[in-house]
Amino acid sequence: MYSTDLRTEAEKRALRDPALDSVDFLERFQARIDAGDVIEAKDPMPHGYRKTLVRQMSQHAHSEIIGMQPEGNWITRAPTLKRKLILIAKIQDEAGHGLYLYSGAETLGTSRAEMINDLLTGKAKYSTIFNYPAPTWADIGMVGWLVDGAAIVNQIPLCRCSYGPYARAMVRVCKEESFHQRQGYEIVTQLARGTPEQKALAQESLNRVWWPSLMMFGPSDKDSMHSSQNVKWKIKRFSNDELRQRFIDQTVPQAEKIGLTIPDPDLKWNEERGSYDHGEMDWSEFWSVIKDGGQCGRDRMAVRRAAVDNGRWVREAAQAYEKKKAARAVRKSRSAS
Ligand code: BYC
């Protein structure tokens, strides 16, 4: 088993205690949150709090793992040995983030096997950004600059999330993501300042990746079903639109600096707000990619499913070995007594 959930049966039963949904308990829990308390794995918590954290953290873990695929496809085609080495190291980091987050989510009492099963059966989501193909080398730069860049903006506030294991995991993840973002920007900068063909490659990729990267922040605030409760519980610290705006404000000057054009004709600095006004996103595309990842989504899931199937014998062998070891320990202690 992967599970790091070390609860006893009695502790597991306690997780389902109906008293955790009583008005009295909800009020006391909210008071702890309002006072800035950090909630730890063994603390009593409302079912809704536990459920929404498992949902968000497992979705986050799945995104890290699925997100390895578009980059993984480029390992053999990276233009130089140095780029290949950097890319391999980055992808390993993403794997680490995924495993770290699965472990964090397991502290809430859901096993990794259950979370992976939810992904494979389509019950759990992963970020829509990974249902877009990465057909050019410039896309690998964009994944670092924009996708990791958006992830950082989203995840830095999560370092202050009320759930301790998630908040602590995010500190390390954000440090690594910040390196990823810089290596992506460096790839794009080199292309943008290279030959006219290289610059065109970077611009063409930016044109495709810009809007999907804005979609990483989720639906607009008026359509976000989890935001208000999750802000109240201090899982989220800012709304989807606030974080999206923050990302736009920080990214537009970076594009200008290297002579690339953000593909949004309505983008304009708003002196009064001290922020960029921007065009409306194509929300029908957002919802349709969430509902159906298309061919790219099917390919990503087929790779994941094959990885789970191909690794089964390793997990079974490890379990058989653990069983044998435990039986041997029992025999040894019996013969000693
Ligand atoms: N894609 O009520 P809302 C990375 C779903 S990867 C898919 O606003 P919430 C990297 C949402 O789940 C890092 N689904 O939800 C890896 C909900 O559906 P369910 C990825 C989306 O949770 C490799 C419904 O829409 N980062 O860094 O309050 C290489 C309504 O939304 C999306 C994270 O996962 C989407 N874009 O807010 C490079 C960060 N947006 O669950 C880089 C952690 C929304 O009820 N996650 N949905 O079925 C979050 O911060 C939040 O979950 C979200 C959404 C901001 C994404």
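Calculation rules
- Residues numbered from 1 in each chain as written.
- Predicted model: local features only at pLDDT ≥ 70, side-chain atom pairs only at ≥ 80, totals over all residues.
- Heavy atoms only, no water.
- 1 Å grid on protein atoms, 1.4 Å probe; cavity = no way out; pocket = protein on both sides within 12 Å on 5 of 7 lines; lining within 4 Å.
- Points joined across faces, edges and corners; volume = space filled by probe spheres on them.
- Helix = DSSP H or I, 4+ residues; strand = E, 2+ residues; numbered from the N terminus.
- Nonpolar A, V, L, I, M, F, W, Y, C, P; charged D, E, K, R; others polar.
- Axes fitted to C-alpha atoms, helices over the stretch in contact; angles between N-to-C directions.
- Parallel < 35°, antiparallel > 145°, perpendicular 65-115°, else oblique.
- Contact = heavy atoms within 4.5 Å.
- Phe/Tyr/Trp six-rings, centres within 6.5 Å; stacked < 30°, edge-to-face > 60°.
- Buried < 20%, exposed > 50% of the residue type's maximum accessible area, 1.4 Å probe, protein only.
- Lys NZ or Arg CZ within 6 Å of the ring centre and 35° of its normal.

Colleague: Honestly, the layout of surface pockets in this entry has me stumped. Any pointers?
Modeller: Estimated volume of the second largest pocket: approximately 330 Å³. Around the second largest pocket, the lining is made up of 18 residues, and of these Gly-122, Tyr-126, Ile-290, Gly-293 and Met-301 lie nearest the centre. Contributions of two or more residues to the lining of the second largest pocket are made by α6 (112–120), α12 (283–291) and α13 (294–310). If you tally residues by element for the lining of the second largest pocket, the top one is α13, at five residues. Along the lines of polarity and charge, the residues of the lining of the second largest pocket split into seven nonpolar, six polar and five charged.

Colleague: What exactly am I supposed to notice about the packing of helix α5 (residues 81–106) against α6 here?
Modeller: Between two packed helices, both the angle of their axes relative to each other and the distance between the axes serve to describe the pair. α6 packs onto α5 with a crossing angle of 115° between their chain directions and a minimal axis gap of 9 Å. Classified by the interaxial angle, the pair formed by α5 and α6 is roughly perpendicular. Seen from α5, the contacting residues are Leu-99, Tyr-102, Ser-103, Ala-105 and Glu-106; seen from α6, they are Arg-112, Met-115 and Ile-116. Considered class by class, the residues forming the contact of α5 with α6 number five nonpolar, one polar and two charged.

Colleague: Can you help me understand the packing of α13 against helix α14 (residues 312–336) in this one?
Modeller: The contact between α13 and α14 brings their axes to 4 Å, and the two run at 35°. Each of Val-308, Asp-309 and Asn-310 in α13 lies in contact with α14, whose residues at this interface are Arg-312, Trp-313 and Arg-315. Residues belonging to the contact of α13 with α14 are distributed by class as follows: two nonpolar, one polar and three charged.

Colleague: Just to check I follow, could you spell out the packing of aromatic side chains for this structure?
Modeller: The geometry of an aromatic ring pair comes down to the distance between the two centres and the angle between the two planes. Counting across every chain of the model gives 10 aromatic pairs. Plain terms: the ring middles of Phe-29 and Tyr-49 are 4.9 Å apart, the flat faces sit at 70° to each other, and that makes the pair edge-to-face. Pair noted here: Phe-29 is in helix α2 (residues 23–34) and Tyr-49 is in helix α3 (residues 47–66), with a separation of 20 residues, a long-range link. With a relative accessible area of 0%, Tyr-49 lands in the buried category. For the pair Trp-269 and Tyr-276, a centre-to-centre distance of 4.9 Å together with 75° between the ring planes defines the contact as edge-to-face. On the accessibility criterion, Trp-269 (42% relative accessible area) is partly exposed. Members of the aromatic cluster, joined through ring pairs, are Phe-25, Phe-29, Tyr-49 and Trp-233. One cation-aromatic arrangement involves Arg-172 over Tyr-100; the distance from NZ or CZ to the ring centre is 5.6 Å.

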